[in-house]
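# Chains, contacts and geometry: an overview
Residue strings, one per chain:
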Amino acid sequence: MDAESIRTLLRTYLTERPRNTTEISQWINLQDGTNPVEFDLAAMLESDASIVRIGRVRKSGMVERESPLSEWATEEWVAHHERNQSVKKE
């Protein structure tokens, strides 16, 4: 699977709701079939202008050093949910 195909899959997957790095990695490997996809997932997510890091997941104080366990979402998802929060505050 080439990088552009992976980016397209990621945008679609993240449209539903935010996902963390581990969830995304596991899901991508399931899409590819039998061979795990090897690439720097965090770098690929960071390089896509339509995907944003919305936070780090910290469970029991553990965060991976090599590949941060971050939550990712599309800009559209973030914009939609920011709008809903501002309406509720009024």
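Rules used throughout
- Residues numbered from 1 in each chain as written.
- Predicted model: local features only at pLDDT ≥ 70, side-chain atom pairs only at ≥ 80, totals over all residues.
- Heavy atoms only, no water.
- Phe/Tyr/Trp six-rings, centres within 6.5 Å; stacked < 30°, edge-to-face > 60°.
- Helix = DSSP H or I, 4+ residues; strand = E, 2+ residues; numbered from the N terminus.
- Buried < 20%, exposed > 50% of the residue type's maximum accessible area, 1.4 Å probe, protein only.
- Lys NZ or Arg CZ within 6 Å of the ring centre and 35° of its normal.
- Salt bridge = Lys/Arg side-chain N within 4 Å of Asp/Glu carboxyl O.
- Expected span 1.5 Å × (residues − 1).
- Arc of directions from axis to C-beta.
- Pairing = 2+ DSSP bridges.
- Core = buried A, V, L, I, M, F, W, Y, C linked by side-chain atoms within 4.5 Å.
- Contact = heavy atoms within 4.5 Å.
- Axes fitted to C-alpha atoms, helices over the stretch in contact; angles between N-to-C directions.

### A look at the packing of aromatic side chains
All chains considered together, the criterion is met by one aromatic pair. Ring geometry for Tyr 13 against Trp 27: centres 4.0 Å apart, planes inclined by 5°, an arrangement best described as stacked. Within this pair, whereas Tyr 13 is found in helix α1 (residues 3-16), its partner Trp 27 is found in helix α2 (residues 21-32), the two being separated by 14 residues in sequence. An identical accessibility class is assigned to Tyr 13 and Trp 27; each is buried. A cation over an aromatic ring shows up here: Arg 19 above the ring of Tyr 13, its NZ or CZ 4.1 Å from the ring centre.

### Considering the pattern of salt bridges
Taken as a whole and assessed by the stated rule, the structure comprises five salt bridges. Where Glu 46 meets Arg 53, a salt bridge forms, and the shortest distance between an N and an O atom there is 2.1 Å. Salt bridges linked by common partners bring Glu 4, Arg 11 and Asp 48 together as one network.

### A word on α1
Each α-helix winds once per 3.6 residues, and so residues spaced three or four apart point in a common direction. Taking 1.5 Å per residue as the helical rise, α1 with its 14 residues ought to reach 20 Å, and the 21 Å between its terminal C-alpha atoms agrees with that figure. The set of residues buried in α1 consists of Ile 6, Arg 7, Leu 10, Tyr 13 and Leu 14. One face of α1 carries all of its buried residues, which in axial projection span an arc of 130°. For α1, the exposed residues set more than 90 degrees away from the buried face come down to Thr 12 and Glu 16.

### What to know about the pairing of strand β3 (residues 70-74)
Counted residue by residue, β3 has four buried out of five residues, so it is predominantly covered. Note: strand β1 (residues 19-20) against β3, two bridges, orientation antiparallel. When the bridges of β3 are listed, Asn 20 appears paired with Glu 71.

### A closer look at the nonpolar core
Of all hydrophobic cores here, the largest spans 12 residues; its members are Ile 6, Leu 10, Tyr 13, Leu 14, Ile 24, Trp 27, Ile 28, Leu 41, Met 44, Leu 45, Ile 51 and Trp 72. Secondary structure elements with two or more residues in this core: α1, α2 and α3 (41-47).

### Here's the deal with the sheet that holds strand β2 (residues 51-56)
Strands sit in the order β1-β3-β2 across an open sheet of three strands; the sheet is antiparallel. Each edge of the sheet is formed by a strand with only one pairing partner; in this case those strands are β1 and β2. Pairing analysis gives five bridges linking β2 to β3, with the strands arranged antiparallel. In the sheet register, Arg 56 faces β3, and the bridge partner there is Ser 70. Seen against the sheet, α1 touches β1, β2 and β3 and runs at an angle of roughly 95° to β3.

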